[in-house]
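Chains, contacts and geometry: an overview
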Amino acid sequence: MRDIARRLQAGADHVAAGLLAAMFATFIFQVLARYVFLRFYPGLEIGWTVEFSMTLWLWVVLWGAAFCLPETSHVRFDLFYQAAGRRTRRMMALVAALVIIAGFAAALPATWDYITFYKIKKSAILKWRLDYVFGIYALFAAAIIGRYIWRAARIVRGQAPGEDDTDNSAEILANGGGRL
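Since the model is a prediction, treat every value here as computed from it, not as a measurement.

**Examining the UniProt feature "transmembrane region" (unreviewed entry) in the protein chain**
UniProt's entry tags residues 12-32, 52-70, 91-112 and 132-150 with the feature "transmembrane region" (unreviewed entry), counted in the numbering of this structure. Annotated as 100% helix and 0% strand, the span residues 12-32 places its first and last C-alpha atoms 30 Å apart. What you have in residues 91-112 is 100% helix and 0% strand, and the ends, taken at the C-alpha atoms, are 31 Å apart.

See the structure below:
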C-alpha cells in the first residue's frame, strides 16, 4: 500500500513539475517574443501567453495544495495548538478536520453548479471553456475533503493526528523544506 501511495505521490509531483515547466517555457517564449520576435514579425500575437500562464498558475497552485504539499506546508495558526497537551491537540485536530470536511462538503454543490455554469463561457484569447479552466477547483475541494476524512479517521482510531502533532519546523528547515 505504501508503494502505491509513493507512486501516486510521485505522479502528482510530476504533474506539478510539468505544469511549472510549461508555465516557465511560456514565460520564456513571451520574453523572447516581446524583445526578439516582434522586431522581425510585428504582427505576432503573444497575448495567449498571458492567459496560458495564468491558467497554468491556477492549476499548479490548486493541484499542488491538493496533492503535493504535506500537512506542515499548509498555512496554519497553531499558537494554541502547540501550547496544548497531546490529548487536547488530538481533539483540536479532530474538530479542525471535521470543520474543514463540513465546510468544503457544504460548498461543493454550489461550487459544482458555478463551475458547470461556466461551460457557456470561453476564455478571451484561447477560447477554452471556462468550466475546464476552473474545474481544477472541484478536484481540489474533493481532494481536501478526502484528505481530511482520512485524517479524522486516523485520529479517531487513536493514531497521531499527523505531521503537525509536534512542532517539527526545525526538522523541515534542516531537510530543505521538503517532506521528512
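**Brief notes about the nonpolar core**
Within the largest apolar cluster, 24 residues are counted, with the highest numbers of intra-cluster contacts made by Trp63 and Phe140. Listed by contribution, the elements that provide at least two residues to this core are helix 1 (2-40), helix 2 (47-68), helix 4 (86-117) and helix 5 (130-156). When residues in this core are grouped by element, the largest group, eight residues, is from helix 5.

**Considering the packing of helix 2 against helix 5**
Viewed as axis vectors pointing N to C, helix 2 and helix 5 meet at an angle of 10°, and their least axial separation amounts to 9 Å. Relative to helix 5, helix 2 is oriented roughly parallel. Along the contact surface, helix 2 presents Thr55, Leu58, Trp59, Leu62, Trp63, Ala65, Ala66 and Phe67, while helix 5 presents Tyr132, Val133, Phe134, Ile136, Tyr137, Leu139, Phe140, Ala143, Ile144 and Arg147.

**Quick notes on the pattern of salt bridges**
Tallied over the entire structure, the rule returns three salt bridges. Of the charged contacts, one joins Arg147 and Glu71 as a salt bridge, the two residues approaching to 3.8 Å between their closest N and O atoms. One end of the pair, Arg147, is in helix 5; the other, Glu71, is in the loop between helix 2 and helix 3 (79-83), with 76 residues separating them in the sequence.

**Re a nonpolar patch on the surface**
A surface patch of nonpolar side chains, amounting to about 1,100 Å² of accessible area, comprises Phe24, Phe27, Ile28, Val31, Leu32, Tyr35, Val36, Phe37, Phe40, Tyr41 and Leu44. Relative to the helices and strands, Val36 is located in helix 1. On the basis of relative accessible area, Val36 is assigned to the partly exposed category, the value being 34%.

What counts as what
Residues numbered from 1 in each chain as written. Predicted model: local features only at pLDDT ≥ 70, side-chain atom pairs only at ≥ 80, totals over all residues. Heavy atoms only, no water. UniProt positions renumbered as here; feature names shortened; annotations may be inferred. Helix = DSSP H or I, 4+ residues; strand = E, 2+ residues; numbered from the N terminus. Core = buried A, V, L, I, M, F, W, Y, C linked by side-chain atoms within 4.5 Å. Buried < 20%, exposed > 50% of the residue type's maximum accessible area, 1.4 Å probe, protein only. Axes fitted to C-alpha atoms, helices over the stretch in contact; angles between N-to-C directions. Parallel < 35°, antiparallel > 145°, perpendicular 65-115°, else oblique. Contact = heavy atoms within 4.5 Å. Salt bridge = Lys/Arg side-chain N within 4 Å of Asp/Glu carboxyl O. Patch = residues over 30% accessible without salt bridge, like charges linked within 9 Å, V, L, I, M, F, W, Y side chains within 5 Å. Areas by Shrake-Rupley, 256 points an atom, 1.4 Å probe, with all protein chains shown as cover.

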